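# Coordinates in review
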Amino acid sequence: MVTICNKDADDTNKTFDLFAQLNGTPLPGGVWSTNDPANFFALDRDTGIVNLWEVKNSGLHEFTYTNNNCGDSATVTVSLGGYPGEDNIDGTADACGDDPSVNLHAYIGDETEGKFQDFNGIWDAVTPSAAPYLENNFFNAQEAGTGVYEFTHTVPAVGTCASRQVRLILEVQRPANSGIGTSLTVCTTDDLSGLTNFDLDSLLEDEDENGTWSEGASTNQLDDLTDHTIDIQAIRDNNISGTFSFTYTVYPSHAVCTIHRTSVDIIILPTLRGTMQADNFCAGPTNYTIEITDYDNTLIHMGTYEGSYTLTSTSGISGGTTSISLNNDRTGSFTIDASNVVLNEDTTLEITSMGEGVCPNIQVPPVSFIVTDPNASVSDTCLNLEIPVSLNNIFDASLNQANGNYDVNYTLTAPDGDETTFLASSVAFSSGTASFNIPSDQATESGAYDISFVVDSGFELGCEITTSFSIIPPPESIDLNLVVNNSCNATQIDVLVNAPSLADGDYDITYDVISQSSGQVVLENTINFSGGTASYDLDVASLDPGNYTVSVRSSQDDTTLCRTIFDFEESENFAIEGVPALPVAETNQTFCLSLFSENEPSLADINVTANGEILFYATATDMDILSMDTILVDGEDYFISNTDPNNNCEGSDRIQVTVTLSDPEAPTALNTNPTFCASEEPNVQSLDTHVNANGNNIIWFDTATGGSPLDPTTLIVDNVSYFAASEGTDQCSSSERIEITPTVYGLEPASLEFSNLALCGLDNPTIYDLRQVESNNPFEVLWYDTPEEGTPLNEETLLQTQTTYYAVSFNPNTGCMNTERMAVTVDLTNCDPEDYGFFIPDGFSPNGDGRNDTFFVPNIEIIFPEYTLEILNRYGATLFKGNQSKPAWNGSDGGQVAPNGVYFYVINYNKDGHEPIQGRLYLNR
């Protein structure tokens, strides 16, 4: 047991060592724990150091040390005296009068030093008026009101530790009050001339008078912080409609309170002003669409509005709600509920509302319309016959039963969905009723049709009348069948008739038997049957051996709906003592499994030549025919026979075929992700070195199964998978393939800012100076002086004038380069003479002493490479002509020594911006 009364008086209590409090000779290496979760983070479980300042409740606190090495534990109990916090009575404790829950603990702690008062102390109100508003450590300043209140916080005695108490004097400051706001709502079309000097203060109640008004960006009404009048008419004129907020802001007298703001809205509702149109309708739809033909889009924006409407007719008034859509082209539409409309009465429609967000003064004139209930009937008809149509309850524009001739447009929707519109001209109506026929060639397929009608040529109601009908196809064919008891050696043939659609009666069927070798009729007769079904036997026992064809036929009158005449015929081949020839096939057949990537090879893949149907058996004597999709087995024998198509007779002998399934061993991968440079144009053959085919050929595919082998010259693509198979000597490739996914490092060509670079050769520019033409290349750039091959130039290499250099992009990380070379031509004559001390000598001394023996202009060949130089004597005779290849005059005149004296020079620079120059020079030997 350890007693600590004033934990806050000693900094060492922040690192209180529990291990040192244990009696005896405890062994280190154990762990500490606490049974109070509130102390969990105050305790270091490994070291036993506890921060008593972090233990925020006074009382008894147990900490247990457990050492598993000795299987024992011990408990240190700390009797901890209370810490009530620090007095706060110097007037620095403030709260705002709009705070209903002031935490008094916030005023007596010393968090900067890590001290926290106990949370199990008792708060009391010293000021009596504060008591009703104090609950635990929370004070309702909002209910108590402004003023100064005193409180105490007391922690109880613990054992020998005395109770402690601190005082708090709290001043509740008056909060800011921006008042209660209301909104003003007007319509776009209202007369707002009386609201051009509107006082915003009139929209507030109970506000402090020391506030200021502010506004949004779209109104621009307030001049300064003292302004509180606005022009609502100007807001309407500038913005049409909308909600425009103004905010009244009041700052508190003390910083503990927050700024208070109240917003009021000037709501200018849009107005619907325009016209609408309602067609006359036919009864049937659940809704009718009304068009808004011209609305004023300066008074209301496009969009969808929830509106309401009324319908007035002689039977009374009804109405409903609807969504009214306004388009951006000043048109719109909405629908009305058909159940609200009375049939065959003039009805007046009026929009009564556009919803809360729109001015209730709807300025759209009412419209009138009529809904009638015309109908049509179309009879189901047999294919290729005219289709009768009947129209009823058709009204004219005066709402009278139609009489006279009217054009009728009708649209047929065929069973396949195709729509076609036709015209029936001048259909005669009497008392609202008319009939006409649709030609058969307008409905040429059987099935269900939809049809709609529009009656015009004087009929102005705009109705569309719809119905459906069916085109009935001829009934199913009569079922006639021939059954031969043994097609190889027939002795009897059954004739079966199933015609349930025929009425009971007497019917005739003719049959004949024809010899296939001679084409002669060897048997013929007529049989009769009564009713819809019949069965007869044909006796063929008298026929000679050979192949025959038996046929039955009939042509009967038929009263079945949609059929009048029906012709049918059925034939069957048979034989008397007939045996087909034996099939022909290779006795040993090999199948490469890789050619059957989707399905394994089956009997259907065995190559057999035969006349008639081919039959497979497991043995030479087995009678169970194998299915053609039977999967082949390596090394298995299969036995084959066939039937004669002329008589359906199966041969008595069978041939044997032995099957071999070939599947070479798959290659193995040496490198599943080889790398290449795109500039090397790697192809499929480049991948060979990265697989091992165990001596077989390697063939490549672009799919894991199936597909055709790739040409070895096919260029490979970065990060695209290729699949290698091994190919044996039998040209069969392995069914298993390995996947190789190459990485092809591509590289963009070097990018240059321009293709010509002008420098001054007197600066001795090098390859390094070419860097200035490089664009933002992501990779290194190498320079060459040849368009192909060559060696990259060192950056110190001097540039040559009128020489083309080539840039190549290079990635040192991959060793790849783009072989496309980007050219730049260098001009080294871009020199300003003044920058390089260019001068023309005024004399020379050609006396052979090695000094000034010739007249030449230094550096002229670099700055002006196209220059010409002419030397003249005082009489104007030319003594010398020079240029870049002959730059110096040695003082001779046609092979003779020119005398001392004054001579003249003329220099043509031959460069834009530089005029020719002439001057004098002195020759002195």
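Residues numbered from 1 in each chain as written. Predicted model: local features only at pLDDT ≥ 70, side-chain atom pairs only at ≥ 80, totals over all residues. Heavy atoms only, no water.

It is worth spelling out the overall build of the protein at this point. When you go through the protein residue by residue, the secondary structure sums to 3 helices and 69 strands. The C-alpha extent of the protein, read off along each of the three principal axes, is 135 × 130 × 100 Å. With 925 residues in all, the protein has 39% of them scored as buried. For the protein, the exposed area adds up to about 48300 Å²; of that, 45% sits on carbon and sulfur atoms. For the protein, the distance from the average site of its 25 positive side-chain charges to the average site of its 135 negative ones is 25 Å. (Helix = DSSP H or I, 4+ residues; strand = E, 2+ residues; numbered from the N terminus. Buried < 20%, exposed > 50% of the residue type's maximum accessible area, 1.4 Å probe, protein only. Areas by Shrake-Rupley, 256 points an atom, 1.4 Å probe, with all protein chains shown as cover. Lys, Arg positive; Asp, Glu negative; His and termini not counted. Charge placed at Lys NZ, Arg CZ, Asp CG, Glu CD.)

As a further point, take the sheet that holds strand S11 (residues 138-139). What the 3 strands build is an open sheet, ordered S8-S11-S10; its pairing is antiparallel. In the strand order of this sheet, the two ends are held by strand S8 (102-103) and strand S10 (134-135), each with one partner. As paired strands, S8 and S11 are joined by 2 bridges and run antiparallel to one another. Counted as the bridge partner of Asn103 is Phe138 from S11. (Pairing = 2+ DSSP bridges.)

Its identity is not glycine, yet Ser426 carries a phi of approximately 50 degrees, on the positive side. Secondary-structure assignment places Ser426 in strand S35 (residues 419-429). The phi torsion at Asn859 lies on the positive side, around 65 degrees, for a residue other than glycine. You can call Asn859 partly exposed: its relative accessible area is 32%.

Within the structure shown, the criterion is met by 9 salt bridges. Measuring nitrogen to oxygen at the nearest pair gives 3.4 Å for the salt bridge that ties Asp118 to Lys7. Placement of the pair is Asp118 in the loop between S8 and strand S9 (122-125) and Lys7 in the loop between strand S1 (2-4) and strand S2 (16-17), with a sequence separation of 111 residues. In this pair, the class of Asp118 matches that of Lys7, namely buried. Note that Asp8 and Arg164 form a salt bridge whose closest N and O atoms lie 2.9 Å from each other. Here Arg164 lies in strand S13 (residues 164-173) and Asp8 lies in the loop between S1 and S2, a separation of 156 residues in the sequence. Residue class for Asp8 comes out buried when judged on its relative accessible area of 12%. Within this structure, Arg771, Glu774 and Glu795 form a network of salt bridges that share partners. (Salt bridge = Lys/Arg side-chain N within 4 Å of Asp/Glu carboxyl O.)

Below, the discussion takes up the layout of surface pockets. In this structure, the largest pocket spans a volume of roughly 270 Å³. Class assignment of the residues belonging to the lining of the largest pocket gives a composition of 6 nonpolar, 7 polar and 3 charged. (1 Å grid on protein atoms, 1.4 Å probe; cavity = no way out; pocket = protein on both sides within 12 Å on 5 of 7 lines; lining within 4 Å. Points joined across faces, edges and corners; volume = space filled by probe spheres on them. Nonpolar A, V, L, I, M, F, W, Y, C, P; charged D, E, K, R; others polar.)

We now examine the pairing of strand S27 (residues 332-337). Burial along S27 is one-sided: the residues Gly332, Phe334 and Ile336 are buried and none of Ser333, Thr335 and Asp337 is. In this structure, strand S24 (residues 287-295) lies alongside S27, joined through 6 bridges in antiparallel fashion. The residue of S27 that forms the bridge with Tyr288 is Ile336. Pairing analysis gives 2 bridges linking strand S26 (residues 316-326) to S27, with the strands arranged antiparallel. The residue bridging Leu326 from the neighbouring strand is Gly332, located in S27. Counting the residues between successive antiparallel strands, the hairpin from S26 to S27 contains 5 residues, one of them, Arg330, with a positive phi of roughly 70 degrees.

On the basis of which strands lie adjacent, the open sheet formed by 3 strands has the order S31-S33-S36 and antiparallel pairing. The sheet is open, and its two edges are formed by strand S31 (375-378) and strand S36 (434-438), each paired on a single side. Across the sheet, the axes of successive neighbouring strands diverge by a mean angle of 20 degrees, strand direction being ignored. Alignment of S31 against strand S33 (residues 387-392), held across 4 bridges, turns out to be antiparallel. Note that in S33 the partner of Asn375 across the bridge is Asn392. (Axes fitted to C-alpha atoms, helices over the stretch in contact; angles between N-to-C directions.)

Okay, the nonpolar core next. Residues Leu391, Val408, Tyr410, Phe429, Phe436 and Phe453 are the most contacted members of the largest nonpolar core, which totals 28 residues. Those elements giving two or more residues to this core turn out to be S31, S33, strand S34 (404-413), S35, S36, strand S37 (447-455) and strand S38 (465-472). Excluding anything up to four places from it in sequence, Phe436 contacts Ile387, Pro388, Val389, Leu391, Val408, Tyr410, Ala424, Val427 and Phe453. Grouped together as the second largest cluster of nonpolar side chains are 27 residues, Leu272, Ile292, Met354 and Val367 included. (Core = buried A, V, L, I, M, F, W, Y, C linked by side-chain atoms within 4.5 Å. Contact = heavy atoms within 4.5 Å.)

As for its position among the elements, Ile438 is in strand S36. For the pair formed by Ile438 and Asn361, sequence separation is 77 residues and the distance between their alpha carbons is 53 Å. Once residues within four sequence positions are removed from consideration, Ile438 is found in contact with Glu386, Ile387, Val389, Tyr410 and Ile451.

Let us look at the side chain of Ser241. Position of Ser241 among the secondary structure elements: in the loop between helix H2 (232-239) and strand S20 (242-250). Filtering out sequence-adjacent residues up to four positions away, Ser241 remains in contact with Thr188, Ile268, Leu269, Pro270 and His301.

If you trace the backbone, Asn39 turns up in the loop between strand S3 (31-34) and strand S4 (49-50). Given a relative accessible area of 2%, Asn39 falls into the buried group. Setting aside chain neighbours within four positions, we find Asn39 in contact with Thr34, Val55, His61 and Phe63.

The next subject is a negative patch on the surface. A cluster of acidic residues, Asp10, Asp11, Glu86, Asp87 and Glu113, forms a negative patch on the protein surface. Note on placement: Glu113 falls in the loop between S8 and S9. For Glu113, a relative accessible area of 44% corresponds to the partly exposed category. (Patch = residues over 30% accessible without salt bridge, like charges linked within 9 Å, V, L, I, M, F, W, Y side chains within 5 Å.)

Across all of its chains, the model carries 23 aromatic pairs by this definition. Taken together, a centroid distance of 6.4 Å and an interplanar angle of 65 degrees make the contact between Phe838 and Tyr909 edge-to-face. Of this pair, Phe838 sits in the loop between strand S62 (822-827) and strand S63 (843-844) while Tyr909 sits in the loop between strand S68 (901-908) and strand S69 (917-923); the two residues are 71 residues apart in sequence, bridging distant segments of the chain. Take Phe838: its relative accessible area is 19%, and that puts it in the buried class. (Phe/Tyr/Trp six-rings, centres within 6.5 Å; stacked < 30°, edge-to-face > 60°.)

Turning our eyes to something else, we now look at H2. Every buried residue of H2 is accounted for by Ile232, Ile235 and Arg236. The arc that holds the buried residues of H2, viewed along the axis, is 100 degrees, so those residues lie on one side. For H2, the secondary structure elements touched by its buried residues are strand S15 (184-187), strand S16 (198-199), strand S19 (229-230), S20 and strand S21 (260-269). Capping the start of H2 is the job of one residue whose side-chain oxygen sits 3.1 Å from the backbone nitrogen of Gln233: Asp231. (Arc of directions from axis to C-beta. Polar contact = N/O pair within 3.5 Å; in protein donor to acceptor, adjacent residues only side chain to side chain.)

So, about the pairing of S36. If a strand is regular, its side chains alternate between the two faces of the sheet. Residues Ala434, Phe436 and Ile438 point to one face of S36 and are all buried, whereas Ser435 and Asn437, pointing to the other face, are not buried. Where S33 and S36 come together, 5 bridges link them in antiparallel fashion. Paired with Ser390 across the bridge in S36 is Ser435.

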